[in-house]
Amino acid sequence: MGCPAKKAEKPLPKLFYIGAVMDAGKEPSFIVTEDFDEDGNLDIISLNTGDDSFSYYKGNGDGTFRDHIIFKTGDNPICIAYGRFNGDSHLDLAVLNYADQTIHIYINTGFGSFKNTGKFLKPGKIPLNLIAHDFNMDGFDDLAVSMRYHKVILHWGKGNGYFSEGLTVPLGGQPTGLTRADYNGDQRPDIAVALAGSGNVGVQIILGKENNQFETSKVFHGGGQPIAIANLDADSDGDIDLVTASNSTHALATFINEGNGTFKSLKHFASGEFPKFIVSADFSGDGVPDLAVSNATLDKVSVELGRGDGTFTYPPIYHHVDEYPQGIAVGDFNKDGMVDLAITCRDKKMINVLLKKNMVNPTPIKDTSSEL
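Residues numbered from 1 in each chain as written. Predicted model: local features only at pLDDT ≥ 70, side-chain atom pairs only at ≥ 80, totals over all residues. Heavy atoms only, no water.

*Asks:* I'm lost on the overall build of the protein chain in this one. Help?
*Replies:* Along the protein chain, the regular secondary structure elements total 0 helices and 30 strands. Taken over C-alpha atoms, the radius of gyration comes to 20 Å for the protein chain, in line with the 21 Å a tight globule of 372 residues would show. Judged by the C-alpha coordinates and their principal axes, the protein chain covers about 60 × 45 × 35 Å. Residue pairs in contact within the protein chain that sit at least 24 positions apart in sequence constitute 44% of those at least 6 positions apart. Accessible surface computed for the protein chain: about 15,000 Å², of which carbon and sulfur atoms make up 48%. Put simply, the protein chain has 32 plus and 48 minus side-chain charges, and the middle of one group is 6 Å from the middle of the other. (Helix = DSSP H or I, 4+ residues; strand = E, 2+ residues; numbered from the N terminus. Rg over C-alpha atoms; globule rule 2.2 N^0.38 Å. Contact = heavy atoms within 4.5 Å. Areas by Shrake-Rupley, 256 points an atom, 1.4 Å probe, with all protein chains shown as cover. Lys, Arg positive; Asp, Glu negative; His and termini not counted. Charge placed at Lys NZ, Arg CZ, Asp CG, Glu CD.)

See the structure below:
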């Protein structure tokens, strides 16, 4: 059963409009954005799960993008991360492939393209998610991979495009989504893991320690069957909190950081049907982080505005996109100082770019007929 709806407030106006639509490969899914070619404009990279490739869109700086350049991947790519893997200043890529259970590394040439190293990692059986960061603080970016059977694998970067076998961190449940931050204030990077499956469901933290050591927190229960997780300061106290999305319960859950890396979960709340991916940024311009969620079966992206006390406005502000939205990336694509969105739309084989309207602190609308 889904989450019971909160008492509805007066609806808010739409914050975004579709500024660009781009062709993608088959079944576009995970998406990231950064200035990969270092020209001052944000670019987009999306995985095409259905035809074993990724698409690279170079940004023009006005909310539009050039035609995609296609790179082949392994079998059934499901996640992509970027970092500096070979010791230079350019952002490289790591692509996690589900079917052949490999990670392929693509080195940024520095001339607007990427080169497959031809080498790949095999983290183990059924990898699900991937993030990159210098987790052991040796100056080289590493990889963290969530594995279905209750563990995260850390592969240490060597600084030359290669990685060591790394470290296995056992967990209290089945890991899905990953994100990272310093959750306990010790100036070391930690990893937050969404846990699903049977048994322990919620969030667990992998706390970074000295000498390449890590320890796990207890499981903080909440947010039934989460598949995605994101950082934000939901209650405006300066600590990094977490929000998870569960497509089985059609709900989100907020986990409030107690200031020492322990968390308490708040009551889960609705945010449209079948939430797949979730991102957080200040979409309203009031200095408080908000949420954007891809609602796959609704063909919509829902936005809920943060109140700064750990709660969010309801009902969501729905924005129509092309069929079966999946991944979401956040960035200022037209360089107007406002936060925009890019969404992969699986069944239409398209990328939708939603540009932010020139609107700060939106007020409720009186006529709701356009929202029906």
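*Asks:* Can you walk me through the layout of surface pockets in this structure?
*Replies:* Of the pockets and cavities examined, the largest pocket occupies roughly 1,600 Å³. Lining the largest pocket are 48 residues; nearest its centre among them are Phe30, Cys79, Asn129, Leu178 and Phe277. Of all elements in the fold, only β2 (28–34), β6 (77–83), β10 (127–133), β14 (174–181), β19 (228–232), β24 (275–281) and β28 (325–331) reach the threshold of two or more residues within the lining of the largest pocket. In the lining of the largest pocket, the residues fall into 27 nonpolar, 15 polar and 6 charged. (1 Å grid on protein atoms, 1.4 Å probe; cavity = no way out; pocket = protein on both sides within 12 Å on 5 of 7 lines; lining within 4 Å. Points joined across faces, edges and corners; volume = space filled by probe spheres on them. Nonpolar A, V, L, I, M, F, W, Y, C, P; charged D, E, K, R; others polar.)

*Asks:* I tried to follow the side chain of Thr49 on my own but got confused; where do I start?
*Replies:* Within the fold, Thr49 resides in the loop between β3 (43–48) and β4 (53–57). Judged by relative accessible area, Thr49 falls into the buried class, the value being 13%. Within the local environment of Thr49, its side chain forms a polar contact with the side chain of Ser29, the two groups lying 2.7 Å apart. A polar atom in the side chain of Thr49 sits 2.8 Å from the backbone oxygen of Pro77. Discounting chain neighbours no more than four positions away, the residues touching Thr49 are Lys26, Glu27, Ser29, Asn76 and Pro77. (Buried < 20%, exposed > 50% of the residue type's maximum accessible area, 1.4 Å probe, protein only. Polar contact = N/O pair within 3.5 Å; in protein donor to acceptor, adjacent residues only side chain to side chain.)

*Asks:* I tried to follow the sheet that holds strand β5 (residues 69–72) on my own but got confused; where do I start?
*Replies:* Within a sheet, neighbouring strands are paired by backbone hydrogen bonds and run either parallel or antiparallel to one another. With antiparallel pairing, the 4 strands of this open sheet are ordered in space as β2-β3-β4-β5. In this open sheet, the two strands that pair with only one neighbour each are β2 and β5. Averaged over neighbouring strand pairs, the angle between their axes works out to 20° when direction is ignored. (Pairing = 2+ DSSP bridges. Axes fitted to C-alpha atoms, helices over the stretch in contact; angles between N-to-C directions.)

*Asks:* Quick question: what am I supposed to make of the environment of Phe16 here?
*Replies:* For Phe16, the position within the fold is in strand β1 (residues 16–23). It is 30 Å that separates the C-alpha atoms of Phe16 and Asp92, two residues lying 76 residues apart in sequence. Discounting residues that sit within four places of it in the chain, Phe16 has contacts with Phe283, Val303, His319, Val339, Asp340, Leu341, Leu354, Leu355, Lys356 and Lys357.

*Asks:* Can you help me understand the nonpolar core in this one?
*Replies:* The tendency in soluble globular proteins is for nonpolar side chains to be buried as a group. The biggest cluster of nonpolar side chains holds 30 residues, and the ones touching the most others in it are Ile45, Ile103, Leu130 and Leu143. Other than its neighbours up to four places away in sequence, Leu130 contacts Cys79, Ala81, Ala94, Val95, Leu96, Ile103, Leu143, Ala144, Val145 and Leu178. Listed in part, the 17 residues of the second largest apolar core include Leu12, Leu15, Ile317 and Cys345. (Core = buried A, V, L, I, M, F, W, Y, C linked by side-chain atoms within 4.5 Å.)

*Asks:* Quick question: what am I supposed to make of the environment of Leu207 here?
*Replies:* Structurally, Leu207 can be placed in strand β16 (residues 202–208). As a C-alpha pair, Leu207 and Pro170 span 37 residues in sequence and 13 Å in three-dimensional space. For Leu207, the residues in contact, after removing those within four places along its chain, are Asn184, Asp190, Gln213, Phe214 and Glu215.

*Asks:* How do you make sense of the side chain of Ser271 when you look at a structure like this?
*Replies:* Its place among the elements puts Ser271 in the loop between β23 (269–270) and β24. Since its relative accessible area comes to 1%, Ser271 is described here as buried. Beyond its immediate sequence surroundings of up to four residues, Ser271 is in contact with His250, Leu252, Val293, Asn295, Ser302, Glu304, Pro316 and Tyr318.

*Asks:* What is the right way to look at the sheet that holds strand β26 (residues 300–304) in this model?
*Replies:* The strand order β24-β25-β26-β27 describes an open sheet built from 4 strands, whose pairing is antiparallel. Whereas interior strands pair on both sides, the edge strands pair on one side only; in this sheet they are β24 and β27 (317–320). The sheet shows a mean angle of 20° between the axes of neighbouring strands, direction not considered. Here 5 bridges tie strand β25 (residues 290–295) to β26, and the two strands are oriented antiparallel to one another. The residue of β26 that forms the bridge with Ser294 is Val301.

*Asks:* Is there a simple way to explain the confidence of the model for the protein chain in this structure?
*Replies:* Low pLDDT marks regions whose predicted coordinates should not be analysed in detail. Mean pLDDT over the protein chain works out to 92, with 95% of the residues at or above the 70 mark. In this model residues 368–372 is a low-confidence stretch, pLDDT under 50, and it forms 4 contacts with partners more than four residues away in sequence or in other chains. (pLDDT = per-residue confidence, 0-100.)

*Asks:* Mind showing me how you'd approach the pattern of salt bridges here?
*Replies:* Pairs can form between side chains of opposite charge once their charged atoms are near each other. Tallied over the entire structure, the rule returns 3 salt bridges. A salt bridge links Asp39 to Arg66; the shortest N-O distance between them is 3.8 Å. Highlighted residues: Asp39 in the loop between β2 and β3 and Arg66 in the loop between β4 and β5, separated in sequence by 27 residues. Two residues, Lys209 and Glu215, come together in a salt bridge whose shortest N-O distance is 3.9 Å. Classification of Lys209 by relative accessible area gives partly exposed; the value is 32%. (Salt bridge = Lys/Arg side-chain N within 4 Å of Asp/Glu carboxyl O.)

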